[in-house]
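# Residue-level structure breakdown
Chain by chain, the residues run as shown.
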Amino acid sequence: MIRNPSLRDLPLGIQQKYIIVTSNYVARQHGVTKLMSVSDAKEKCPQLVLVNGEDLTCYREMSYKVTDLLMSHCPLVERLGFDENFVDVTELVESRLKETPLSALSFVGHIYNQETSAVSAKDYPRLAIGSHIAAELRDAVHTKLGLTGCAGIASNKLLAKLVSGAFKPNQQTTLLPECTVTLMHSLSGLRRVPGVGPRTAQRLQALGLHSVSDLQLFPLVDLVKEFGEAHAKRIQNLARGIDVSMVTPTGPPQSLSDEDSFKKMSTMAEVSQKIEELLASLIDRMHKDGRQPMTFRLTIRRLSTANKWFNRESRQCPIPSFLSQKIALGSSDVLTHLVTVAVKLFHKLVDTSEAFHLTLINVCFCNLQSRSVSRGSIASFFSHKPPQKPQSSSRHTGPPSPRQPISPTPTQSHGRRGGSDYSVEERTGASRSPKTSGLEEGAFPRLPPDVDPDVFKVLPQHIQEELLSNFQTERSGIPSVLTTDLEDQTGFSHIFPEPLKRASQSVRSEERGAVCREYDAGSSREDGNEFSVPQDPVGMRVEHDNSSKSVTSNSVSGADFPHNVDPCVFSQLPADMQRELLSEWRQQKPIFKMPSRPSGTGGASRDKKTKGPQTNNLLKYFKPS
DNA sequence: CTGGGGTCCT
DNA sequence: AGGACCC
């Protein structure tokens, strides 16, 4: 719709192969739904205009523009697909709170299950500020990129995401902590809980669990038997509206892939041609990215009568270094070489002396390394000068980014947070191990100054809980998470919106919040929208209509509650209190992903896996083996 | 007649 | 290498 505004008022569907992957609101009014077959859609809406959406390039570019724009307001942005972003606006909220008199606070947008005019912003200062931040982000996305979308503001990513859809096209909603229970109960089934996919839902159903309350009340012990401790606790917490994962800045992509599906492919000639076609575009994208892929993977799907659904098989191999350099440089003869590599992998997958019937081929570059600086000398780790090229381009604005040559990219500097590895090092180095048992140490965060934590922790659990809950009422401040979801006007929203999507924010500091939004496409004036901000906990999630981004935080590995904390009690605590508690007993510090080990100049990137104290420090570069 | 992407965990 | 999840 953005590319062709004349389509704005017509029913529009985005088509991939035989299905309508998404549509605009006009088409939806005619009964066109999300993953509907083209034939069904045409039946419901004969005038439906179709646009082929198999090439994701423009959606990907828009998507990164949204993420970049959000990052320019608040660095902690996590993408979720192309059209959603979570933004942890905790710090922004805290700093605004300091300079804002309570009397000047207000909410903008909807408040879940409440009348906005009936809620006192002074009672939820952080969420109120979060609602304004969400509104600003949505407005920035609309005026600068022409996309509309929704936002949700809440104390964690789960809640921000769920509440973002409360008021649908182009509006925003804030979740007050006391409405969490209502929100969760409003979900029609367990499958509606983000994080509970088809497989998990099926296994839960086998246990007799269908609704959110079924899962909330199911004995954890029994759940652990089916799913293991980590998964069991996680999904049960999700059912209660508890999400301990952090908004993890996404950074540049970890992999780039291109694929095509078809009804039948059964000759080598077709296969090598398809591989060449896919590789040509993938190499081009990789070149624009500027990093060097160290690994290549080929994936196929065979026609399978049985087990129709998701049988994919893959083989991967290292990319010869001369080739990966040529890819980054944009050499022209790279294609042929890579096709050769891919065909070799293909023969590991398929015995071509027998008949075969493929329905999909995918080519993927992963293990992406920033090329960098001084030949990746380990010495660069000790240099006081920042590496020349921190992680590739600033934001890998996906394909769009102008690919930075070797020089530090001057413009778009807001790139990788942490930029250099120094900051990563500092942060991770400081983190202590998650502590599996939990509570002993200072697990209880923020006790009032006059309470000695050593004394507190030896109190009976119910006394602790009572103290904590009293406590909670005293301190009103809390982190908030906001999520926004923008639906696109062009009709693309979900899968890939044409336009983009959202923005979000969350709060950091002791408390954190996340915001998520989704944007729709469309620059048009369509519906009005709103944003809402969460109160204490602040978080937002934003989605754009077509492309979207989301910010999320990584769930920390050791994210269990201390064993003496009852999750049911915990879930009743104010969101900000929950966040504080959680952030203390897993000492979270947001960290970027580490590009790949090597040249290290890259900066901070994901590195999630560093769990313990040690993992991500320089020592790993010296490990003996 | 269910895309074309992505992520992380095991 | 596969499986789960997300959009």
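Structure report, in brief. In this text, all values refer to a predicted model and were calculated from it rather than measured experimentally.

Reading the values: the criteria
- Residues numbered from 1 in each chain as written.
- Chains lettered and ligands numbered in written order.
- Predicted model: local features only at pLDDT ≥ 70, side-chain atom pairs only at ≥ 80, totals over all residues.
- Heavy atoms only, no water.
- Salt bridge = Lys/Arg side-chain N within 4 Å of Asp/Glu carboxyl O.
- Helix = DSSP H or I, 4+ residues; strand = E, 2+ residues; numbered from the N terminus.
- Buried < 20%, exposed > 50% of the residue type's maximum accessible area, 1.4 Å probe, protein only.
- Near = heavy atom within 4 Å.
- Polar contact = N/O pair within 3.5 Å; in protein donor to acceptor, adjacent residues only side chain to side chain.
- Contact = heavy atoms within 4.5 Å.
- Pairing = 2+ DSSP bridges.
- Core = buried A, V, L, I, M, F, W, Y, C linked by side-chain atoms within 4.5 Å.
- Domains from an automatic or database assignment.
- Phe/Tyr/Trp six-rings, centres within 6.5 Å; stacked < 30°, edge-to-face > 60°.
- Lys NZ or Arg CZ within 6 Å of the ring centre and 35° of its normal.
- Disulfide = S-S within 2.5 Å.

## Describing the pattern of salt bridges
All told, the structure shown has 17 salt bridges when counted by the stated rule. As a salt-bridge pair, R285 and D258 come within 3.5 Å of each other at their nearest N and O atoms. Of this pair, R285 sits in helix α12 (residues 268-289) while D258 sits in strand β10 (residues 255-265), placing them 27 residues apart in sequence. For the pair shown, R285 and D258 are each scored as buried. In this structure, K274 engages E277 in a salt bridge whose closest nitrogen and oxygen atoms are separated by 3.2 Å. Here the residue K274 and the residue E277 both occupy positions in helix α12, the gap between them amounting to three residues, near one helical turn.

## Some details on the protein's contact with DNA strand C
Residues in contact with DNA strand C amount to 17 residues; listed here are only the nearest, E84, K161, G195, S314 and Q316. Taken together, the sugar and phosphate atoms account for 100% of what DNA strand C places within 4 Å of the protein. D83 places a side-chain nitrogen or oxygen 3.5 Å from a sugar or linking oxygen of DNA strand C. At the level of secondary structure, the elements contributing two or more residues to the surface near DNA strand C comprise α8 (198-206) and β12 (312-318). Among the elements that take part in the surface near DNA strand C, β12 stands out by supplying four residues, more than any other.

## Regarding unusual backbone geometry
With the exception of glycine, the majority of residues adopt a negative phi angle, and the majority of peptide bonds are in the trans configuration. A positive phi angle is found at K17, which is not glycine, with a value near 50°. If you trace the backbone, K17 turns up in the loop between β1 (12-16) and β2 (19-23). Phi is positive for N113, close to 60°, though the residue is something other than glycine. Looking at the element boundaries, N113 is found in the loop between β7 (110-111) and α5 (125-145). The class of N113 is exposed, set by a relative accessible area of 53%.

## Topic: the environment of V51
Examined against the element boundaries, V51 turns out to sit in strand β4 (residues 49-52). The sequence separation of V51 and H347 amounts to 296 residues, and the corresponding C-alpha distance is 36 Å. Residues within four places of V51 in sequence aside, it is in contact with L7, L12, G13, I14 and Q15.

## Topic: the sheet that holds β2
The strand order β3-β2-β1-β4 describes an open sheet built from four strands, whose pairing is mixed. Edge positions in the sheet fall to β3 (36-37) and β4, since each of these pairs with one other strand and no more. Two strands pair when backbone bridges link them, and β1 and β2 are joined in this way by four bridges, in the antiparallel orientation. What sits directly across from G13, in β2, is S23.

## Some details on the nonpolar core
Among the nonpolar cores identified, the biggest contains 57 residues, and F107, L175, L176, L204, L215 and L223 are the most heavily contacted of them. Taken domain by domain, the makeup of this core includes at least three residues from each of domain 2 (89-185) and domain 3 (190-239). L256, I275, L279 and V334 belong to the second-largest nonpolar core, a separate cluster that totals 34 residues.

## Quick word on the packing of aromatic side chains
Counted under the stated rule, the structure contains three aromatic pairs. Relative to Y124, the ring of F107 lies with its centre 6.5 Å away and its plane at 55°, an arrangement referred to as tilted. Residue F107 is located in the loop between α4 (90-98) and β7, and its partner Y124 is located in the loop between β7 and α5; the two are separated by 17 residues in the primary sequence. Here R79 stacks its cationic end above the ring of Y64, 3.7 Å away from the centre of that ring. The ring of F86 carries K157 above its face, with NZ or CZ at 5.6 Å from the centroid.

## A closer look at the state of the cysteines
The full count for this structure, using the stated rule, is zero disulfides. A disulfide-free cysteine, C364 has its sulfur positioned 4.7 Å from the sulfur of C366, the nearest such atom. By relative accessible area, C364 is classed as buried at 5%.

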